Amino acid sequence: MSVTSRPAHYGFAEHWLPRLVLAPSFLLVLVFLYGFIAWNGALSFTASRLLPNYEWVGLAQYEALFASERWWVAVHNLFIFGVLFIGGAMVVGIVLAILLDQKIRLEGALRTIYLYPLALSFIVTGTAWGWMLNPGLGLEKLMHDWGYAGFSFDWLVNPDRSIYTIVIAGIWQSSGFVMALFLAGLRGIDDSIIKAAQIDGASLPRIYWRIILPAMRPVFFSTLMILAHIAIKSFDLVMALTGGGPGFSSDLPATFMYQMAFTRGQMGLGAASAMMMLVTVSAVVVPYLYSELRRSRHV
Amino acid sequence: MSKPWRGVLYAVLLIAAVYYLLPLYVMLSTSLKTMDEIRGGNLLSLPGAISFDAWRKAWGTACTGIECSGLSGYFWNSVRMVIPAVLISTALGALNGYVLSKWRFRGSELAFAMLLFGLYIPFQVLLLPMAQTLGWFGLARSMAGLVFVHVVCGIAGTTLFFRNFYVGIPDELIKAARLDGAGFWRIFLRIVLPMSLPILMVTLIWQFTQIWNDFLFGLVFSSGESQPITVGLNNLANTSTSVKEYNVNMAAALIAALPTIAVYVLAGKYFVRGLAAGAVKG
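In this report, we go over the structure that sits alongside the text. (Residues numbered from 1 in each chain as written. Chains lettered and ligands numbered in written order. Predicted model: local features only at pLDDT ≥ 70, side-chain atom pairs only at ≥ 80, totals over all residues. Heavy atoms only, no water.)

Observations concerning the overall build of chain A
When its secondary structure is counted, chain A shows 13 helices and zero strands. Going residue by residue from the N terminus, the α and β elements of chain A occur as α-α-α-α-α-α-α-α-α-α-α-α-α. By the compact-globule yardstick of 19 Å for 299 residues, chain A is too spread out, its C-alpha radius of gyration being 25 Å. Judged by the C-alpha coordinates and their principal axes, chain A covers about 80 × 70 × 30 Å. Across the 299 residues that make up chain A, the buried fraction comes to 55%. In chain A, the share of contacts with a sequence separation of at least 24, taken over all contacts with a separation of at least 6, comes to 70%. (Helix = DSSP H or I, 4+ residues; strand = E, 2+ residues; numbered from the N terminus. Rg over C-alpha atoms; globule rule 2.2 N^0.38 Å. Buried < 20%, exposed > 50% of the residue type's maximum accessible area, 1.4 Å probe, protein only. Contact = heavy atoms within 4.5 Å.)

Focus: the packing of aromatic side chains
Following the criterion strictly, the structure yields 36 aromatic pairs over all chains and no others. Pairwise contacts between aromatic rings join Phe32, Phe36 and Trp39 of chain A together with Trp136 and Phe148 of chain B into one cluster. Across the ring face of Phe112 of chain B, the terminal group of Arg163 of chain B is positioned such that the distance to the ring centre comes to 4.2 Å. Positioned over the ring face of Trp103 of chain B is Arg178 of chain B, at 4.3 Å from the centre of the ring. (Phe/Tyr/Trp six-rings, centres within 6.5 Å; stacked < 30°, edge-to-face > 60°. Lys NZ or Arg CZ within 6 Å of the ring centre and 35° of its normal.)

Some words on the side chain of Ser249 of chain A
Relative to the assigned elements, Ser249 of chain A resides in the loop between helix H11 (236-241) and helix H12 (253-263). Ignoring sequence-local partners within four residues, the contact set of Ser249 of chain A consists of Val73, Asn77, Pro159, Ser162 and Gly244 of chain A.

Quick notes on the pattern of salt bridges
With the rule as written, the count across this model stands at nine salt bridges over all chains. With a shortest N-O distance of 3.8 Å, Asp145 of chain A and Lys141 of chain A are connected by a salt bridge. In this pair, Asp145 of chain A and Lys141 of chain A are both assigned in helix H6 (residues 139-145), four residues apart and thus about one turn of the helix distant. Among the salt bridges present, the one from Asp36 of chain B reaches Arg39 of chain B, with a minimum N-O distance of 3.3 Å. Here Asp36 of chain B pairs with Arg39 of chain B, and both are found in helix H2 (residues 35-40), just three residues apart, close to one helical turn. In this structure Asp36 of chain B comes out as exposed when scored by relative accessible area, which is 61%. Assessed through its relative accessible area of 40%, Arg39 of chain B is described here as partly exposed. One network of salt bridges, in which partners are shared, links Asp101, Glu107, Arg111 and Arg187 of chain A. (Salt bridge = Lys/Arg side-chain N within 4 Å of Asp/Glu carboxyl O.)

Observations concerning the interface of chain B and chain A
On the chain A side, the residues contacting the 99 residues of chain B number 100 residues. Between chain B and chain A, roughly 8800 Å² of surface is buried when both sides are summed, and carbon and sulfur atoms account for 76% of that area. The interface formed by chain B and chain A includes zero salt bridges. Counting across the interface, chain B meets chain A through 21 residue pairs in polar contact (both at pLDDT 80 or more). No other element matches the 15 residues that helix H1 (residues 3-31) of chain B contributes to the side of chain B that touches chain A. Of the residues belonging to the side of chain B that touches chain A, the class tally is 69 nonpolar, 20 polar and ten charged. (Buried area = accessible area lost by both parts, 1.4 Å probe. Polar contact = N/O pair within 3.5 Å; in protein donor to acceptor, adjacent residues only side chain to side chain. Nonpolar A, V, L, I, M, F, W, Y, C, P; charged D, E, K, R; others polar.)

Quick notes on the nonpolar core
Counting 193 residues, the largest nonpolar core has Tyr114 and Trp131 of chain A together with Leu13, Phe217 and Phe221 of chain B as its most contacted members. Summarising the domain contributions, this core has at least three residues from each of domain 1 (3-51) and domain 2 (72-278) of chain B. If near-sequence neighbours (up to four positions away) are discounted, Phe217 of chain B is found in contact with Phe123, Leu127, Leu146, Val149, His150, Cys153 and Ser222 of chain B. (Core = buried A, V, L, I, M, F, W, Y, C linked by side-chain atoms within 4.5 Å. Domains from an automatic or database assignment.)

Structure, rendered in structure tokens:
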């Protein structure tokens, strides 16, 4: 509730103080987030290469971007990674949440175990999985030692498969997060609904499928949103696990942007690719935030 | 539920636990082996004689590019970066949250919506202008520049945490204090702040984890003497020397992970709450 009727002693300072306190942060965000978006947008219309160069070239950088094979590999990879990572983390997380919700002993300990990867940085995760999946001494050797002599696992160095290693590590790291959000949601559901359905003779899987999961729609959408956002911004994991390789077979838009802008002297192209990422994120986030803010206002 | 089904249930949950723990086990056991043992054994084999050589090397003498002095320097860089960045962004978030929940004014909701979107901006759009601006202020590739970037990009999140928490403090409490003559700061320091311990913990832990684990800003906005541990680890693990020393890499990864794992183990409750709060509840 906002302060509409001001008490008599609501003085000059009290009127300006809140604005003054908020001002520094607001200005920082205005300049360094919104201002920089505009600036980056401007850069994407220039011929900047190694250094900024404000010679206007119109849409030339975007044309170059859309003509770039490497960019389309990155976009294609984002699609594969996004679908498998979001789908995988969702399924694993939801299943674990439902199983944990069955009055499990040791629930606290299990939850702690499922969630700890979230405390790690993607660089640590990437380094660890890079070692486990490496073709020489990792998983492959383990399977050989166990007697599966023909087993071969070369995804990390196979251009057609490298993106899937990122999916594997990504799901491992993030599925616990889905579990935590859904478990919190499940705990919020009124027990009496479930009891009533049980009295009516509905089986437990049926109750989950028909009653409980549909009631989790809001949780589902916010989780989906966060995972999509993580997927689009994914950078660290690729850098640590494959470095975008072999070649550029496991590039994602974020690694493409970094390569162009900071190692290959293609600043304009990098700026254009960053704008494409912003547009994609906005397409996901803006409708979501809009509905969230509207809902909270109407509550 | 019938007995056999409960057995299956526990089996599945335990398998899942093994799946999450296995990489940690592999990291730890690998870091305690010698390279000969790694070549002779496999991922799951236990170390024969425990050796801390890999840890010593990862900390003090491993090569991270041209330099060969391990991760110790990077580790302390991260410590020097994370402390000011977390404290400043949290303090600003608390003040902003207080204003946006208890001292709303015309336009404050718009300011909040703008901050909120800031949570989701892909930071790639900021990198080029930020690099240039830091250069103008003489902060390029410096610790101060890195701290500044983390503060700017952290404000949105910390503000959201505090704002959502403070919305739950009854307005009547603030009004009563005001009738007693307390002003903006007095109410904040005497009433609001003492109630803030839970959200303070959540925010500090959240920011610590985020900033300690950041790689992108460290990579772009720092160089040699100011690079954080994530950059050091990545350099170490991906340095193309002739042979990869996996035991050293794993020890290095554990060193980089230790602070956030410690926080998670000691204050997991707040960590989980932060996750839930991070899922934006407007």
